[in-house]
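A closer look at the structure
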Amino acid sequence: KYIDLNGHVSPVYSDSIVMDTTAPTGTVSINGGSAITASTAVTLTLSCTDAGSGCSQMQLSKDNITWDAAETYATTKSYTLPTGDGVKTVYVKYKDNIGKWSATYNDTITVDATVPTGTITINSNASYANTAAVTLTLSCTDAGSGCSQMQFSNDNVAWSVAETYATSKSYTLSTGDGVKTVYAKFK
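The notes below deal with the structure included here. (Residues numbered from 1 in each chain as written. Predicted model: local features only at pLDDT ≥ 70, side-chain atom pairs only at ≥ 80, totals over all residues. Heavy atoms only, no water.)

**Some points on the environment of Gly54**
- Considering the arrangement of structural elements, one finds Gly54 in the loop between strand S3 (41–49) and strand S4 (55–61).
- By relative accessible area, which is 18% here, Gly54 ends up buried.
- Along the primary structure Gly54 and Asn97 are separated by 43 residues, whereas in three dimensions their C-alpha atoms are 5.8 Å apart.
- Excluding residues within four positions of it along the chain, Gly54 makes contact with Lys95, Asp96 and Asn97. (Helix = DSSP H or I, 4+ residues; strand = E, 2+ residues; numbered from the N terminus. Buried < 20%, exposed > 50% of the residue type's maximum accessible area, 1.4 Å probe, protein only. Contact = heavy atoms within 4.5 Å.)

Spelled out as structure tokens, the structure:
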């Protein structure tokens, strides 16, 4: 309050300020926490908490070295990962309303956009068989997530039920003499 030279006392005046000495904290999740994706186009779920002044901005990076321009904080964002199969990491940091940046947070996901490749041989690549019961030798290669399942067909039309991938399988050829072809596909 103030007092003038005549002794008049003013009303009480006050002001307040929010003290914010703590940087914001946060999280990031790619495609809801999925471990794998077939596309580099993903959705980020972002979370920032700041008990003082609140969250205002965020910055994203694909390598934790070069950062995208700061942008207004949002809880979701469409984002494009680097091209190519393999493990990809997204980094994020958050800024509060008085300018303090958070630590860096990250999440990873494996991109597997390439179909697997494989081989199949019947009875160790023998030229003839005297029984319809044979052994298939299989190989499957996938640079992204690995091979998980396989299916077989005698005619490339009707396929067996998908089963766990293995490098060997007992199999029965179609009946009758003649050239037999076994088709395999891998997932």
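**Topic: the state of the cysteines**
- According to the stated counting rule, one finds 2 disulfides in the structure shown.
- Shown here is the disulfide that connects Cys48 with Cys55, its sulfur atoms set 2.0 Å apart. Disulfide Cys48-Cys55: torsion about the S-S bond near -80 degrees, hence left-handed. Taken as a pair, Cys48 and Cys55 share a single burial class, namely buried.
- A disulfide bridge connects Cys140 with Cys147, and the sulfur atoms are separated by 1.9 Å. Every disulfide takes its handedness from the sign of the S-S torsion; for Cys140 and Cys147 that torsion is -80 degrees, giving left-handed.
- Owing to a relative accessible area of 14%, Cys140 belongs among the buried residues under this scheme.
- Described in terms of the sequence order of its bonded cysteines, the disulfide pattern of the protein chain is 1-2, 3-4. (Disulfide = S-S within 2.5 Å.)

**Here we look at the environment of Ser16**
- By the element assignment, Ser16 lies in the segment before strand S1 (25–30).
- Classification of Ser16 by relative accessible area gives exposed; the value is 68%.
- Linking Ser16 and Val161, residues 145 residues apart in sequence, is a C-alpha distance of 70 Å.

**Regarding the pairing of S3**
- Residues Val42, Leu44, Leu46 and Cys48 of S3 are buried on one face, while the alternating residues Ala41, Thr43, Thr45, Ser47 and Thr49, pointing to the opposite face, are not.
- As defined by bridge partners, S1 adjoins S3 across 6 bridges and the pair is classed as antiparallel. Paired with Thr27 across the strands is Ser47, a residue of S3.
- The sheet contact formed by S3 and strand S6 (residues 76–80) spans 5 bridges and is antiparallel. (Pairing = 2+ DSSP bridges.)

**A word on the packing of aromatic side chains**
- All chains considered together, the criterion is met by 4 aromatic pairs.
- Arranged with centres 6.5 Å apart and planes meeting at 40 degrees, the rings of Tyr94 and Tyr105 form a pair that is tilted. In this pair, Tyr94 is assigned in strand S7 (residues 86–96) and Tyr105 in strand S8 (residues 105–111), connecting sequence segments 11 residues apart.
- Here the aromatic residues Tyr73, Tyr94 and Tyr105 are joined through ring pairs into a cluster of three or more. (Phe/Tyr/Trp six-rings, centres within 6.5 Å; stacked < 30°, edge-to-face > 60°.)

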